[in-house]
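So the chains spell out like this:
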Amino acid sequence: MSFAQLIQDAWNKQAKWLIVLRPLSWIYRGGFLLNKKLYQLGLKTSYQSPVPVMVIGNITVGGSGKTPLLIQLVNYLQSQNVRVGVISRGYGGKGPFPAYVDLESMPETVGDEPCLIVQSTGVPMVVGSNRQRSIEYLLSKHELDLIISDDGLQHWALERQIEWIVLDQNRGLGNQKLLPEGYLREPPSRLTTATVIEHASQPNSALHMHLEVAAPYLLNAMDERSFNPTDNFYAVVGIGFPQRFYSTLDSMGIHQFQCHEFPDHYDYEITDLQFEDNNPIITTEKDAVKLLPLLKQNADFKREIWVVPVEAVLSPQCYDVLHQQLQQLCIQIS
């Protein structure tokens, strides 16, 4: 088990030994607050985009449902004739940056999540660590009404007009400690300064979302055959919070699976998909983006790989708030 997986497991279990990391959390907090203060005092400059910016992020490390939410919002805004573009850090991609993302882009170049976002929406998208350069590149190609930043909540170098924070009810705030003792990127008080979308099946807030599962499909369609939930599966996942995927499988009546977890944004090799028997693999759409090029490079690979697609379903109040926020920015929704 890698250190990343070890500490992720400790965070999820709120292990007692994490207290030994508290001095590092104090250092992290001090550095974080100092950096933020420098921007507030104007000693560091932030970039003001000529187009309004909406940041969708979280204050926790690991998956929260942010990407499905972003995809749903982009599809909705496009249906309302809002010209929307997306920027992202492109985590896991090797560049060069800034990089324009299209249907031909490869995950190893631009990252897995950007590929998934563009494949799901067709949205204009640019990735790179320098958000200003990404926005300027995006605007050189498209006239836009709104730019959504995929993550970047703690990136104070970019000014923003709207902030949405996704909070996963299953994980909550853990031990409520900052990195690395806990998995918080910012103190819990940060939730009072933005629009918080609760990711939950039984929400406590009017602003909430849940993930709706569609029928699994074969990534490497060989012979036409229907999905059988009673099969024995290898659950292969490289996401921030794999337990959510396991819960999804359980809700689908899939109870016989062996867990094979990899770090978030993991670069798969074909050997990661090889097991002693011929039982099928089941995985997420995010992982499928990286697995598909691998399968094209290994045409002799015959094991079935099933993909579980999910779609974010937002409460009506989320759209009401979105409309109000866009109206304040003079962005018209049809």
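Residues numbered from 1 in each chain as written. Predicted model: local features only at pLDDT ≥ 70, side-chain atom pairs only at ≥ 80, totals over all residues. Heavy atoms only, no water.

A. How the structure looks around the overall build of the chain. What the chain contains, in helices and strands, is 9 helices and 14 strands. Computed over the C-alpha atoms, the radius of gyration of the chain is 20 Å, within 12% of the 20 Å expected from 2.2 N^0.38 for a compact globule of 334 residues. Reported as C-alpha extents along the three principal axes, the dimensions of the chain are approximately 60 × 50 × 40 Å. Across the 334 residues in the chain, those meeting the buried criterion constitute 51%. (Helix = DSSP H or I, 4+ residues; strand = E, 2+ residues; numbered from the N terminus. Rg over C-alpha atoms; globule rule 2.2 N^0.38 Å. Buried < 20%, exposed > 50% of the residue type's maximum accessible area, 1.4 Å probe, protein only.)

B. The arrangement of the sheet that holds strand β11 (residues 257-261) in detail. Taken in spatial order, the 5 strands make up an open sheet running β9-β13-β12-β10-β11, and their pairing is mixed. The open sheet terminates on both sides in strands that have one partner only, identified here as β9 (217-218) and β11. Two strands pair when backbone bridges link them, and strand β12 (residues 281-284) and strand β13 (residues 305-308) are joined in this way by 4 bridges, in the parallel orientation. By the bridge assignment, I281 is partnered in β13 with I305. The strands touched by helix α8 (residues 285-297) are β9, β10 (233-237), β12 and β13; relative to β12, the strand with the most contacts, the crossing angle is about 120°. (Pairing = 2+ DSSP bridges. Contact = heavy atoms within 4.5 Å. Axes fitted to C-alpha atoms, helices over the stretch in contact; angles between N-to-C directions.)

C. A look at the nonpolar core. Counting 39 residues, the largest nonpolar core has M54, I56, I148, W164 and L314 as the members making the most contacts within it. A per-element tally of this core places helix α3 (residues 66-79) first, with 7 residues. If we skip the residues at most four places from it in the chain, W164 touches M54, V55, I56, G57, L69, L73, T195, I197, L314, C318, L322 and Q325. Among the nonpolar cores identified, the runner-up in size contains 26 residues, and I7, L21, Y47 and L173 belong to it. (Core = buried A, V, L, I, M, F, W, Y, C linked by side-chain atoms within 4.5 Å.)

D. Fine view of the environment of Y100. Examined against the element boundaries, Y100 turns out to sit in strand β3 (residues 99-101). Between the alpha carbons of Y100 and V126 there is a distance of 4.4 Å; along the sequence they are 26 residues apart. If sequence neighbours within four positions are ignored, Y100 has contacts with S105, P124, M125, V126, Y137, L138, K141 and H142.

E. Spotlight on the sheet that holds strand β7 (residues 195-199). The mixed open sheet is built from 9 strands, whose spatial order is β3-β4-β2-β5-β1-β6-β7-β8-β14. Sheet topology places β3 and β14 (310-314) at the edges, where each strand pairs with a single neighbour. Here the average twist between neighbouring strands, direction ignored, is 25°. Pairing of β3 with strand β4 (residues 125-127), which is carried by 3 bridges, proceeds in the antiparallel orientation. When the bridges of β4 are listed, A99 appears paired with V127. Together, β1 (53-57), β2 (84-88), β5 (146-150), β6 (162-168), β8 (208-213) and β14 form the strand contacts of α3, whose direction differs from that of β14 by roughly 70°.

F. Representation of the pairing of β12 in the model. Burial along β12 is two-sided: the face carrying I281 and T283 and the face carrying I282 and T284 are both buried. Inspection of the sheet shows β10 paired to β12 by 2 bridges, in the parallel sense. Considered in β12, the bridge of Y234 is made with I281. In this region the chain leaves β12, passes through α8 and returns to the parallel neighbour β13; the handedness of that crossover is right-handed. (Right-handed = clockwise from strand over helix to strand, strands pointing away.)

G. Expanded view of the packing of aromatic side chains. Under the criterion given, the structure shown has 12 aromatic pairs. Between Y28 and F32 the ring centres are 6.2 Å apart and the planes differ by 15°, which places this aromatic pair in the stacked class. Of the two residues, Y28 and F32 both sit in helix α2 (residues 22-40), 4 residues apart, roughly one turn of that helix. Relative accessible area serves as the criterion here: at 13%, F32 is assigned to the buried category. What links up through ring pairs into an aromatic cluster is the set Y28, F32 and W156. Directly above the ring of Y100 sits K141, whose terminal nitrogen or CZ lies 5.1 Å from the centroid. (Phe/Tyr/Trp six-rings, centres within 6.5 Å; stacked < 30°, edge-to-face > 60°. Lys NZ or Arg CZ within 6 Å of the ring centre and 35° of its normal.)

H. Focus on α8. Between its first and last C-alpha atoms α8 spans 19 Å; for 13 residues at 1.5 Å apiece the expected length is 18 Å, and the two agree. Buried residues of α8: K286, D287, A288, V289, K290, L291, P293, L294 and L295, and no others. On its buried side, α8 packs onto α4 (107-110), α5 (112-121), β10, β12 and β13. (Expected span 1.5 Å × (residues − 1).)

I. View of the packing of α3 against α5. Axis separation between α3 and α5 bottoms out at 10 Å; the angle between their running directions is 30°. By the angle between their directions, the pair α3 and α5 is classed as roughly parallel. The two elements α3 and α5 cross, and the hand of that crossing is right-handed. Contacts from K66, T67, L70, I71, V74, N75 and Q78 of α3 reach α5 at E113, L116, I117, S120 and T121. (Parallel < 35°, antiparallel > 145°, perpendicular 65-115°, else oblique. Left-handed = near helix turned anticlockwise from the far one by under 90°.)

J. Spatial organisation of a nonpolar patch on the surface. A cluster of nonpolar side chains, F3, L6, W17, I19 and V20, forms an exposed patch at the surface whose accessible area comes to about 520 Å². Residue position: I19 is located in the loop between α1 (3-13) and α2. The partly exposed category is assigned to I19, whose relative accessible area is 47%. (Patch = residues over 30% accessible without salt bridge, like charges linked within 9 Å, V, L, I, M, F, W, Y side chains within 5 Å. Areas by Shrake-Rupley, 256 points an atom, 1.4 Å probe, with all protein chains shown as cover. Salt bridge = Lys/Arg side-chain N within 4 Å of Asp/Glu carboxyl O.)

K. Quick peek at α3. Compared with an ideal rise of 1.5 Å per residue, which puts 14 residues at 20 Å, α3 spans 20 Å between its outermost C-alpha atoms and is within 8% of the ideal. With respect to burial, α3 is a largely interior element, 11 of its 14 residues being buried. In the stretch just after α3, N81 is the one whose phi turns positive, near 65°.

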